[in-house]
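Now for the letters of each chain:
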Amino acid sequence: MASLDEDEDALLTTNLTSASAYFARPLCSSELQPRQFEFHPELNIMAVGTCEGDVVVLDWEKNQILQRRIFEAEEDRRERRSILALSWLRKNSRLLLAGSSSGKAKLYRLDNKGALEMAMEYREGEPLTEEMTSIHCNCVDQLLVTSGYTKNVNIFDVETGQEVREYNGIHEDHINICRFANNLPDILLTCSFDNTIKLWDNRCSAQRPIHVSNSKGGNVMVCFSPDDMYFLASAVDNEVKQYTTVDGSLHLKYDIEPINSSINYTRSYYANDGDLVVSGSSNDDVVHICSSSTGKIIESIRMYEGRRHPNLYIQSLRGNPINANRFGVLVCYRYSDAPYEVVDVDLNRDSKGQPVHLPYSIAAAQQLTQDFARQIDNPSFYDVELVADDGRRLRAHKAILSPRWPWFRRRLTNLKPSTSLSAGPGVEELHFPDLTRAMLHTILHFCYTGKFSVAEGFAVTSGTRFPDAAGE
């Protein structure tokens, strides 16, 4: 949740967990040389891009390769380029975008058996960008954005492959990553080694960012939180910061110590539906698990029992979108002919696969959020009703709303007894003549869970006036 008690410091103490304290296994490491991977948002599979130019579909639960396709038909495997960019589409998650370091991109379709068939080769096999570093689709599957070792970003129509827009020279150094928002189809982020992160609205004709956020070091990674309220930026040497999307202001800095290395490339991602952040760096073998509410390290785990060689570092990582407290880590062994492997890490089990009790700060906070969320639609012991513009009512609890919503707290003395026939004794009401029921439900969901979830029917007009959390 976005608001916690002041005594949380006592709960979120940093622990370095030994490699044997959790379950970890390499995924088909003898058959793959993975360079990138992306979990499917709904199925127990992941897409893997290899150093040898293959696109692989892997069942991470069964640890089984379902299909392996060659991206470019070069007879000499040494001429094939690594697959560095992968993105599952959002509305039609059976479609997968894949991009090679050559700059070329393809769209694949996944069948019910896990096999891939090519749906489109963009630009008839010509590069979309120079030395592609990332590809990403927006939330309505209409646009894809690419970045490479240039200062430009290109946006294309997913269905036709036609270029829609090119942002030229928008950074002073090459753009490492570009990402669309999770719920806003025209909003995107770019980050660069020029020490800036920029937010763009593709509806604006001017080539000018909405806002610019700055870091001390070059930026390696950026991504939106699941609800798009924040974005997470990872700069060189464990500089991990969370910014507010609305204005780019710094929300919090994560408590990960630097090691004073200019080549310690750090990557961080949200996990557990945004409650946690997992972070790792290229000069370390430790994954830090942090609270996204406070930035404090909850647990630090060393990778991993069964590793092939002690000299290992973290190349990249992703939170598992299906199983809480589980994530994938791309590790790299120095001085090895087969350096890469993806490791499945499950904090819910010990090294022998037996269930374990998670640290309080992970398990209990997650359960607390779920319990509060259930009270929104099925409130027990409610004592206030919020009345929308059409007279419909939402039941709530003053003890929860008061600390979470200062505007509401200041109006506690203005509440009147409920006029609803179904209301019990002591229940009061507060009218919102300018807000629909959907708007009120969205506000309640945030107050109870700390997450922004737009309710069905939510629409904002130019005359809509919201109660400000800080003032009028």
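Only a predicted model underlies this, so the values are computations on that prediction, with no experimental measurement involved. (Residues numbered from 1 in each chain as written. Predicted model: local features only at pLDDT ≥ 70, side-chain atom pairs only at ≥ 80, totals over all residues. Heavy atoms only, no water.)

*Asks:* Run through the sheet that holds strand 29 (residues 340-346), naming residues and quoting values.
*Replies:* The strand order 2-29-28-27 describes an open sheet built from 4 strands, whose pairing is antiparallel. Edge strands, defined here as strands with exactly one partner in the open sheet, are strand 2 (23-26) and strand 27 (312-319). Across the sheet, the mean angle separating the axes of adjacent strands is 25° when strand polarity is ignored. Pairing between strand 28 (residues 326-333) and strand 29: 7 bridges, direction antiparallel. Paired with Gly328 across the two strands is Asp344, which belongs to strand 29. (Pairing = 2+ DSSP bridges. Helix = DSSP H or I, 4+ residues; strand = E, 2+ residues; numbered from the N terminus. Axes fitted to C-alpha atoms, helices over the stretch in contact; angles between N-to-C directions.)

*Asks:* Which residues make up helix 4 (residues 437-449), and what values do they have?
*Replies:* Given a rise of 1.5 Å per residue, 13 residues ought to cover 18 Å, and the 18 Å separating the end C-alpha atoms of helix 4 matches this to within 8%. Judged by how many residues are buried, helix 4 sits mostly within the fold: 11 of 13 residues are covered. Every buried residue of helix 4 is accounted for by Ala438, Met439, Leu440, His441, Thr442, Ile443, Leu444, His445, Cys447, Tyr448 and Thr449. (Expected span 1.5 Å × (residues − 1). Buried < 20%, exposed > 50% of the residue type's maximum accessible area, 1.4 Å probe, protein only.)

*Asks:* Break down the sheet that holds strand 33 (residues 428-431) for me, with residues and values.
*Replies:* Strand order in the open sheet made by the 4 strands is 31-30-33-32, with mixed pairing throughout. On the outer flanks of this sheet lie strand 31 (393-396) and strand 32 (416-417), each paired with one strand and no other. The sheet contact formed by strand 30 (residues 384-387) and strand 31 spans 4 bridges and is antiparallel. The residue bridging Glu385 from the neighbouring strand is Arg395, located in strand 31. Contacting strand 30 and strand 31, helix 4 crosses the sheet at an angle of about 15° to strand 31. (Contact = heavy atoms within 4.5 Å.)

*Asks:* Let's hear about the pattern of salt bridges: which residues, and what values?
*Replies:* Within this structure, the stated rule accounts for 22 salt bridges. For the salt bridge of Lys296 with Asp255, the shortest nitrogen-to-oxygen distance reads 3.9 Å. Of this pair, Lys296 sits in the loop between strand 25 (286-291) and strand 26 (297-302) while Asp255 sits in the loop between strand 22 (250-253) and strand 23 (266-271); the two residues are 41 residues apart in sequence, bridging distant segments of the chain. A relative accessible area of 40% places Asp255 in the partly exposed class. One salt bridge connects Asp346 with Arg326, and the closest N-O pair in it is separated by 4.0 Å. Linking Asp346 in strand 29 with Arg326 in strand 28, this pair joins segments that are 20 residues apart in sequence. Here Arg326 falls in the buried class, since its relative accessible area comes to 3%. (Salt bridge = Lys/Arg side-chain N within 4 Å of Asp/Glu carboxyl O.)

*Asks:* Provide a residue-level description of the environment of Ser279, including the pertinent values.
*Replies:* Take Ser279: it is sitting in strand 24 (residues 276-281). The buried category is assigned to Ser279, whose relative accessible area is 1%. Spatially, the C-alpha atom of Ser279 lies 7.5 Å from that of Leu317, the residues being 38 residues apart in sequence. With residues near it in sequence (within four places) discarded, Ser279 still touches Val240, Ile256, Thr266, Arg267, Ser268, Val286, Val287, His288 and Leu317. At a separation of 2.8 Å, a polar atom in the side chain of Ser279 contacts the side chain of Ser268. (Polar contact = N/O pair within 3.5 Å; in protein donor to acceptor, adjacent residues only side chain to side chain.)

By themselves, these figures tell us nothing about what the structure is for.
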